[in-house]
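# Examining the three-dimensional arrangement
Here's the letter readout for the chains.
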Amino acid sequence: MTRRQAPRLGLVLGDQLSFDLDLLRALDPARDVLLMAEVEDETRYVPHHPRKIILVLSAMRHFAEALRARGWRVEYVTLDARGNSGSIVGELKRWHGKLKAEEVHVTECGEWRLEQSMRACDLPMVWHRDRRFLCSREAFARWANGRTQLRMENFYHGMRKRSQLLLEPDGGPAGGAWNYDKDNRKPLPRKVRGPFTASFKADAITTEVIDLVRRRFKDHYGNAEGFDYPVTHVEAEALWRHFLEHGLTAFGDYQDAMAEGEPYLFHARISAALNIGLLDVRRLCEDVERAWRRNEVPLNAAEGFIRQLIGWREYVRGIYWLRMPEYAQLNALGNRRPLPGFYWDGQTQMRCMAQVIGQTLELGYAHHIQRLMVTGNFALLAGIAPAQICEWYLAVYMDAYDWVELPNTLGMVMHADGGFLGSKPYCASGKYIQRMSDHCANCAYRVERAVEEDACPFNALYWHFLMRHRRTFAGNQRMALLYGNLDRMQPARREALWQRGEALLARLDAGEAL
């Protein structure tokens, strides 16, 4: 009679809910055990939006059931389970001891903080690459090695060639250009509205999680009511099919547009499901390419969508793991101002800010232009401390994980990395928001004014930002036109803009809502 082998323990984190994990291939359902744990540390290291917590916990519980149906033994620790240690490392140690496990198999984490704590624990760990991403950390580091500038566009060209997406038979880019971003910036026509988004009814598991979150996270900002997000692979697939049929065609033209009462427009709303493993990035891109080759969608829609996934998404992940942990501490512009309170309650007379923040607190969602050119643009112009706005984005959005949120916010939004990620700051006056949305028509402020009391705050703050950071950006060729416009102003006009900007910043320092 042979002695039974000690089991190996495999950890599945809440943002790794994929059947294609390498550790599932490495382990044996007949011998080994999978661990999934809801822990206090991961729900509270920032005040996560209730909908984000509901999504992750419900999706975890559904995934555990799906794994069991495939023959796996899953030890599942609920948030309120007796003996729950409150941390991932604590649960790994507890279950390693209980099972007398031979090894602990884990997948690369999405957050440097968590991975470092796991690597530091005294357990026999076997690490697996996260193959849900097309570019490994090592491959990105090899690409970056020796380059004086790391630009997404160059990285994206390589990713297109490697993945063989949207290429002509000769290997060149479909349509003759790699990037159709210039065709992705159309404002929304007045009578055009987005399709009704797919929604999903809460089942018994999700209902139980909603009740738990309502009780346990009353202090977190955001609304748990009306949760309708997909929590299984089948539901995520249905959401994706809805976008392919109803959203993708117009996504190319209007992906930068904003409209009152239209939180989604033609956006897919899949990023949260994708970031926790309910969808596969390769297949999404293949579906989009197939739709283009069948002439079902225009090229600017297909290319714009694929660029977001295999270009920008993979690029910011590469930057994150290349530069952490020092990246999180960067503050190239020396910003120190606290985050205004209206970011947490939406109580501001700036219509665009009130709309985006209100939508965010209700839904845990805003698309990339709402984040970059409204809430992010204001934080940049107002000189908000990068760590505070980064924490806000990480807390309030359902799809936010440190690997994707930190480079996007600290690098792209706040330019706090000194231009490592982007060659220029994404700053804009109220005119950009007026062009790309209908918010200004219903605003208490006048977007056509800059220095008066009822003038749009974005206008004076925009020029104030350029003036106070002139030494930093005067030599930036991409900003030469902006500084040329500033220099052509009459001195009295520049002084009035400066004083208006000073007055607005003083109101923020006094804790006033603009």
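Residues numbered from 1 in each chain as written. Predicted model: local features only at pLDDT ≥ 70, side-chain atom pairs only at ≥ 80, totals over all residues. Heavy atoms only, no water.

The next thing to look at is the sheet that holds strand E2 (residues 33-37). Ordered by their spatial adjacency, 5 strands build an open sheet running E3-E2-E1-E4-E5, and the pairing between neighbours is parallel. Taken across any chain shown, the strands that pair with only one partner, and hence form the sheet edges, are strand E3 (73-77) and strand E5 (125-128). Within the sheet, the average angular offset between the axes of one strand and its neighbour, ignoring direction, is 25 degrees. Pairing between strand E4 (residues 104-107) and E5: 4 bridges, direction parallel. Bridged to Val104 within E5 is Met125. Docked against the sheet, helix H3 (residues 50-69) engages E2 and E3, running at close to 160 degrees with respect to E3. Against the sheet, helix H5 (residues 112-120) touches strand E1 (9-11), E4 and E5, its axis set at about 145 degrees to E5. (Pairing = 2+ DSSP bridges. Helix = DSSP H or I, 4+ residues; strand = E, 2+ residues; numbered from the N terminus. Axes fitted to C-alpha atoms, helices over the stretch in contact; angles between N-to-C directions. Contact = heavy atoms within 4.5 Å.)

We describe a pair of aromatic rings using the distance from one ring centre to the other and the angle between the two ring planes. Summed over all chains, the structure comprises 26 aromatic pairs. Seen from their ring centres, Phe19 and Phe63 are 4.9 Å apart, and the 50 degrees between their planes marks the pair as tilted. Of this pair, Phe19 sits in the loop between E1 and helix H1 (22-26) while Phe63 sits in helix H3; the two residues are 44 residues apart in sequence, bridging distant segments of the chain. Consider the rings of Phe133 and Trp403, whose centres lie 5.0 Å apart with planes at 85 degrees: the pair is edge-to-face. Residue Phe133 is located in the loop between E5 and helix H6 (137-144), and its partner Trp403 is located in helix H18 (residues 402-413); the two are separated by 270 residues in the primary sequence. In this pair, the class of Phe133 matches that of Trp403, namely buried. Over the ring of Tyr45 we find Arg113; its NZ or CZ atom is 3.8 Å from the centre of that ring. Above the ring of Phe420, the side-chain terminus of Arg323 is found at 4.3 Å from the ring centroid. (Phe/Tyr/Trp six-rings, centres within 6.5 Å; stacked < 30°, edge-to-face > 60°. Buried < 20%, exposed > 50% of the residue type's maximum accessible area, 1.4 Å probe, protein only. Lys NZ or Arg CZ within 6 Å of the ring centre and 35° of its normal.)

Moving on, we come to the environment of Tyr180. Looking at the secondary structure, you find Tyr180 in the loop between helix H7 (152-163) and helix H8 (204-216). Taking the C-alpha atoms as reference points, Tyr180 and Glu103, 77 residues apart in sequence, are found 48 Å from one another. Each residue touching Tyr180, except ones within four places of it in the same chain, is listed here: Ala174, Gly175, Leu299, Asn300, Glu303 and Arg307. In this structure the side chain of Tyr180 is engaged in a polar contact, spanning 3.1 Å, whose partner is the backbone oxygen of Ala174. Separated by 3.4 Å, the side chain of Tyr180 and the backbone nitrogen of Ala177 make a polar contact. (Polar contact = N/O pair within 3.5 Å; in protein donor to acceptor, adjacent residues only side chain to side chain.)

On to the state of the cysteines. By definition, a disulfide links the sulfur atoms of two cysteine residues through a covalent bond. Using the criterion set out here, one finds 0 disulfides in the structure. As a non-bridged cysteine, Cys135 has Cys285 as the owner of its nearest cysteine sulfur, 14 Å distant. The thiol of Cys440 is not disulfide-bonded; the next cysteine sulfur, from Cys456, is found 6.2 Å away. (Disulfide = S-S within 2.5 Å.)

By secondary structure assignment, the location of Arg371 is in helix H16 (residues 368-382). In this structure the side chain of Arg371 is engaged in a polar contact, spanning 2.7 Å, whose partner is the backbone oxygen of Ala366. Polar contacts involving the side chain of Arg371 include one to the side chain of Asp399, which spans 3.1 Å. The contacts of Arg371, once residues within four sequence positions are left out, are Ala366, Gly376, Asn377, Tyr393, Tyr397 and Asp399.

On to the nonpolar core. Nonpolar side chains tend to gather and get buried jointly when the protein is soluble and globular. Counting 166 residues, the largest nonpolar core has Met36, Phe305, Tyr315, Tyr343, Met353, Phe378 and Trp392 as the members making the most contacts within it. Each residue touching Phe378, except ones within four places of it in the same chain, is listed here: Pro340, Phe342, Tyr343, Met350, Met353, Phe458, Leu461, Leu508 and Leu514. Listed in part, the 22 residues of the second largest apolar core include Ile88, Val89, Leu92 and Met118. (Core = buried A, V, L, I, M, F, W, Y, C linked by side-chain atoms within 4.5 Å.)

This next bit is on the domain arrangement of the protein chain. With domains assigned, the protein chain is organised as domain 1 (9-128), domain 2 (137-200 + 214-323) and domain 3 (341-510). The C-alpha centroid of domain 3 is placed 39 Å from the C-alpha centroid of domain 1. Between domain 1 and domain 3, the residue contacts involve 12 residues of the former and 16 residues of the latter. Between domain 1 and domain 3 the total buried area reaches about 1,200 Å² when both faces are included, carbon and sulfur atoms providing 60% of it. Interface area lost by domain 1 to domain 3 is led by His49, Arg51 and Lys52, which between them contribute 44%. At the boundary of domain 1 with domain 3, the tally comes to 9 residue pairs in polar contact (both at pLDDT 80 or more). When the residues that make up the side of domain 1 that touches domain 3 are grouped by side-chain class, the tally is 5 nonpolar, 3 polar and 4 charged. (Domains from an automatic or database assignment. Buried area = accessible area lost by both parts, 1.4 Å probe. Nonpolar A, V, L, I, M, F, W, Y, C, P; charged D, E, K, R; others polar.)

Taking 1.5 Å per residue, 15 residues should reach 21 Å; H16 reaches 20 Å between its end C-alpha atoms and fits that length. The largest bend in H16 amounts to roughly 45 degrees and is located at Gly376. Along H16, 14 of the 15 residues are buried, which leaves the element largely enclosed by surrounding structure. Immediately downstream of H16, the backbone of Gly383 shows phi near 70 degrees, a positive value. (Expected span 1.5 Å × (residues − 1). Bend = angle between axes of the 7 residues up to and from the residue.)

Turning to unusual backbone geometry, a few remarks are in order. Of note, the amide linkage connecting Met324 to Pro325 takes the cis form, showing an omega dihedral of 5 degrees. On the secondary structure map, Pro325 appears in the loop between helix H13 (299-323) and helix H14 (342-345). Although it is not a glycine, Arg269 sits at a positive phi angle of roughly 60 degrees. On the secondary structure map, Arg269 appears in the loop between helix H10 (248-254) and helix H11 (271-275). On the basis of relative accessible area, Arg269 is assigned to the buried category, the value being 6%. The residue Asn295 is not glycine, and still its phi comes out positive at about 60 degrees. Within the secondary structure layout, Asn295 lies in the loop between helix H12 (281-293) and H13. Classification of Asn295 as exposed rests on a relative accessible area of 70%.

Taken as a whole and assessed by the stated rule, the structure comprises 45 salt bridges. Residues Asp181 and Arg307 are paired through a salt bridge, measuring 3.6 Å at the closest nitrogen-oxygen approach. With Asp181 in the loop between H7 and H8 and Arg307 in helix H13, the pair connects residues that are 126 residues apart, well separated along the chain. Judged by relative accessible area, which is 22%, Asp181 ranks as partly exposed. A salt bridge links Asp487 to Arg470; its shortest N-O distance comes to 2.7 Å. In this pair, Asp487 sits in helix H22 (residues 480-488) while Arg470 sits in helix H21 (residues 470-473), placing the two residues 17 residues apart along the sequence. On the accessibility criterion, Asp487 (42% relative accessible area) is partly exposed. With relative accessibility at 31%, the residue Arg470 sits in the partly exposed group. Three or more residues joined by partner-sharing salt bridges are found here, namely Glu108, Glu115, Arg119, Arg137 and Arg317. (Salt bridge = Lys/Arg side-chain N within 4 Å of Asp/Glu carboxyl O.)

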